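# Summary of structural features
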Amino acid sequence: MSEMLFQGETLCLQSLDNGLVELCFDLQGASVNKFSLQTVSELSQVLTLIESDKGIAGLLIFSAKKTFIVGADITEFSAVFSAGPEHVVAHLAKNNQNFNRIEDLHCPTVVAIAGFALGGGMEFCLACDYRIGSDDAVLGQPEVKLGIIPGWGGTYRLPRLCGLDTAVDWIASGRDQKSDVALKCGVLDAVVAGDQLRRAALHTLNECVAGRFDYTARRKQKSTPLQHCDIEAMLAFESSKAFVAAQAGRHYPAPVAAIKTMQKAAGMLRSQALAVEAEAFAKMAQTEVAQSLVALFVRDQYMSKKAKTLAAQASCSVSRAGILGAGIMGGGVAYQAALRNVPVVMKDVAQLGLNLGLSEAAKILSSRVKRGRMTPDAMAQVLNRIEPTLDYAGISRADLVVEAVVESLDVKASVLAEAEQSLSKGAVLASNTSTISITALAKSLQRPEQFCGMHFFNPVHRMPLVEVIRGEKTTDETIAKTVAFALQLGKKVVVVNDCAGFLINRVLFPYFAGFTMLVRDGADYRHIDKVMQRWGWPMGPAYLLDVVGVDTAEHAEKVITAAYPERMGREFTSCIDLLYQKKRLGQKTGAGFYNYISDTKGKPEQVPADEVFELLRPHVVPRRDFSDDEIITRMMVPMVTELVRCLEEGVVATPAEADMALVYGLGFPPFRGGLFHWLDSMGLKAFCQQADLLSALGPLYKPTDALRNMAAADSRYHDLKVDDKGGVS
Ligand code: NAD
């Protein structure tokens, strides 16, 4: 007869037969277990109970959820981190005591792991004697992705359990590891089918109790210093540090800090090693990078939850999609839908277009097959889900149709009106326009309420964001269905209100305006590229223009500047105009701000293009040096002022969503936490002072009145209150 010995909010303990007890993680009212402060406190109480009963012969640990423990509760991090390093060390110590007590219990411990055991969840498992995983188990120490390192013994126990190389790889990469890999590395002791998990774990525990498995030897393995001769260890640590530093980049110090911690503690016993780990953790927790990454994580959860809540309001899901225009974007959306099991009808006006769309999809799939990520059979199935057509007949069977024809108001208006005739009654029509107002496009439609924007980014299969744009007449049901479809495709979603450029392009073009003014005023665009890349952008603005296509940018710029002439209108011939006139369109023509040659893998490789300087010379002032700070400020101020306007006008609902959208849509450097986060960290007063110094450059450098008021009140954007409707005040 089992008896409940402890019942908490996050875990419980009950007796089993033969002197065994079972600890079960089961966070009340949640779908997953997190290692929260409450869990730490309850675990401590349960351990006291177990320790006090020497009649207990063995401890089985299980999770009542599908997944074991997803990690520490990250929403608690900010408060802990901001209380200072001593507080962080004390916070870690509480649970380290728990884990040490598990490791030192008078009886064997076996943990059964299904689904995720990440971060603190995995560190808990490392403290147990045996780890049995189900075949869907995924383990990992993702702390470096948050700018920190494992703090509950991961850097101490993992290398002792599976060797230095594996531990460095797991901890410094932060990658999830599947059960078969974990088994091979010795992190798991056995892997069984999900329905056999509990039985297998119980069997292991009984073998320990019967003395057939020597659990004390397991403990010894973890409690001794790392077995490596000094030179070998030094080489292993030094080479991995150099490699990891190069991979993580200068803005992400945590992976190297994790390796240094393992190095420092390699010859130490547990208590000393844990103290070293805690000190390094606390140091990392105080960095701006960790604070930014933790904040981003929390905002990402907010964004995802909001999208899921919206999607849940859709009356039905999309079981068949339609695409109009089989170009780069149409082909990309068709591929993504087919990959995610949604059949698509793809329509174009020309067979050539259809061939292009299909070959684009086939190209991406082939590369998946080549990398062993897909079987040829699965590739064929995905391709079979795309039905190419030259007429509208197939479109009538779609629940949602994405229009991705050329970027022209007239063409789009007529294609949309034509398509609407063939659509079934409840179907949603969405445009992938990059710049044209959704409300303006809706004027050509009879059912504007069933129309919205669905802005994908190029390349569709790689770029995580979709902007869903609400036109003046778009209904909630239309938005819900479109958001649900974007989630079906595995995308991150931000819902924005209509305006020219929407959110992402509306803030990108002021940034390009900052760039063209810098070039006009004598800056070397190669220098600008270097500075902005060092600042953290994936690429500098000139290179980005080459990748996007100078013609695409020129066209979009025209539409966006026409919409905001008072701020974005300009009276000089810009470097974008000049390149466009000379048909230097970027990578697609092999020449833009840079020249491009194909490397051995056929990828465009950047080479200098001196002729561009000749082309620019008559239109720019003589070259002069700009400091890095000057370049950064001149580039970033226009982006900030425009983003602030987007928030004030309700184009984007919250600073959290704005920050996430820029990270996912533009690659804004995550370690800076998002554009509003960066602005808050700098301080609004300091920002206004910087902007005022540049006021001669025009209205894009002018902070709004509301921003100035917030600066005067020492406010922060991320402290704004979000009301029931999602707006901020
Ligand atoms: P593209 O020129 O590659 O493809 C356009 C396709 O539309 C062509 O295959 C053309 O044959 C087809 N088409 C033209 N008229 C049509 C009609 N009446 N019916 C059906 N098909 C028709 O263009 P793209 O780059 O894929 O851009 C498509 C849309 O996506 C544009 O609105 C663009 O602004 C937007 N967009 C493009 C990017 C990008 O980087 N390329 C990024 C985001 C959004």
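## Description of the packing of helix H4 (residues 120–127) against helix H5 (residues 154–162)
Viewed as axis vectors pointing N to C, H4 and H5 meet at an angle of 55°, and their least axial separation amounts to 10 Å. The angle between H4 and H5 places the two elements in the oblique class. In the packing of H4 onto H5, the handedness of the crossing is left-handed. Taken together, the residues of H5 that come into contact with H4 (itself represented by Met122, Glu123, Leu126 and Ala127) are Gly154, Arg157, Leu158 and Leu161.

## Overview of the site of the ligand
The environment of the ligand is made up of 20 residues, and the closest members are Met329, Asp348, Glu407, Lys412 and Ser434. One of the side-chain nitrogen or oxygen atoms of Asn458 is found 3.2 Å away from an oxygen atom of the ligand. Burial of the ligand by the protein chains amounts to 79% of its free accessible area of 830 Å². Put simply, the parts of the chain that give the shell around the ligand at least two residues each are helix H14 (328–339), helix H17 (409–422) and strand S16 (451–456). Residue classes in the shell around the ligand are distributed as 8 nonpolar, 8 polar and 4 charged.

## A few points about empty space enclosed by the protein
Tallying each qualifying case throughout the model produces 2 cavities of 30 Å³ or more. In this model, the largest cavity occupies a volume close to 50 Å³. Every residue lining the largest cavity is listed: Phe509, Pro510, Ala513, Thr516, Glu557, Thr561, Met568, Arg570 and Leu700. Counting only elements with at least two residues in the lining of the largest cavity, the list comes to helix H20 (504–520) and helix H23 (550–563). In this model, the second largest cavity occupies a volume close to 40 Å³. Considering the residues around the second largest cavity, the lining is formed by Glu420, Leu423, Ala427, Leu429, Leu445, Arg447 and Gln450. Its residues placed into classes, the lining of the second largest cavity shows 4 nonpolar, 1 polar and 2 charged.

## Brief notes about the environment of Phe77
Its place among the elements puts Phe77 in helix H2 (residues 77–82). Given the relative accessible area of 12%, Phe77 is considered buried. As a C-alpha pair, Phe77 and Ala258 span 181 residues in sequence and 18 Å in three-dimensional space. With near-sequence residues (within four places) excluded, Phe77 lies in contact with Ala72, Leu146, Ile148 and Val294.

Conventions used here
- Think of each chain on its own: its residues are numbered from 1, step by step along the sequence as written.
- At least 70 in pLDDT is required for a residue's local features to be given in this predicted model, at least 80 for side-chain atom pairs to be given and counted, and no such filter applies to totals for whole chains, interfaces and linings, which use all residues.
- The side-chain numbers reported here are obtained from all heavy atoms of the structure, hydrogens and water having been left aside.
- To obtain an axis, a line is fitted to C-alpha atoms, over the contacting stretch when the element is a helix, and the angle between two such axes runs from 0 to 180 degrees between their N-to-C directions.
- The numbering of helices and of strands both runs from the N terminus, where a helix is a DSSP run of H or I of at least 4 residues and a strand a run of E of at least 2.
- An angle below 35 degrees is read as roughly parallel, one above 145 as roughly antiparallel, one from 65 to 115 as roughly perpendicular, and any other as oblique.
- Definitions for this section: a left-handed crossing has its near helix turned counterclockwise from the far helix by less than a right angle. A right-handed crossing has that turn clockwise.
- The criterion used for residue contact is that any of the two residues' heavy atoms lie within 4.5 Å.
- If a single non-hydrogen atom of a residue is within 4 Å of a molecule or strand, that residue counts as near it.
- Nitrogen and oxygen atoms within 3.5 Å of one another constitute a polar contact, given that in protein one can donate a hydrogen and the other can accept it, and given that sequence-neighbouring residues count only through two side-chain atoms.
- Here, Shrake-Rupley sampling with a 1.4 Å probe gives the accessible areas, and only protein chains in the shown set may cover a residue.
- Gly is placed with the polar residues, together with every amino acid not listed as nonpolar (Ala, Val, Leu, Ile, Met, Phe, Trp, Tyr, Cys and Pro) or charged (Asp, Glu, Lys and Arg).
- Site definitions follow a grid-based scheme: protein atoms alone, a 1 Å grid, a 1.4 Å probe that fits but cannot get out for cavities, and for pockets an open set with protein on both sides within 12 Å along at least five of seven lines, plus lining residues having an atom within 4 Å of a point.
- Grid points are joined across faces, edges and corners, and a volume is the space filled by probe spheres set on the points.
- Summary of the burial criterion: residues with accessible area below 20% of their type's maximum are buried, those above 50% are exposed, and those between are partly exposed, where the area comes from a 1.4 Å probe applied to protein chains only.

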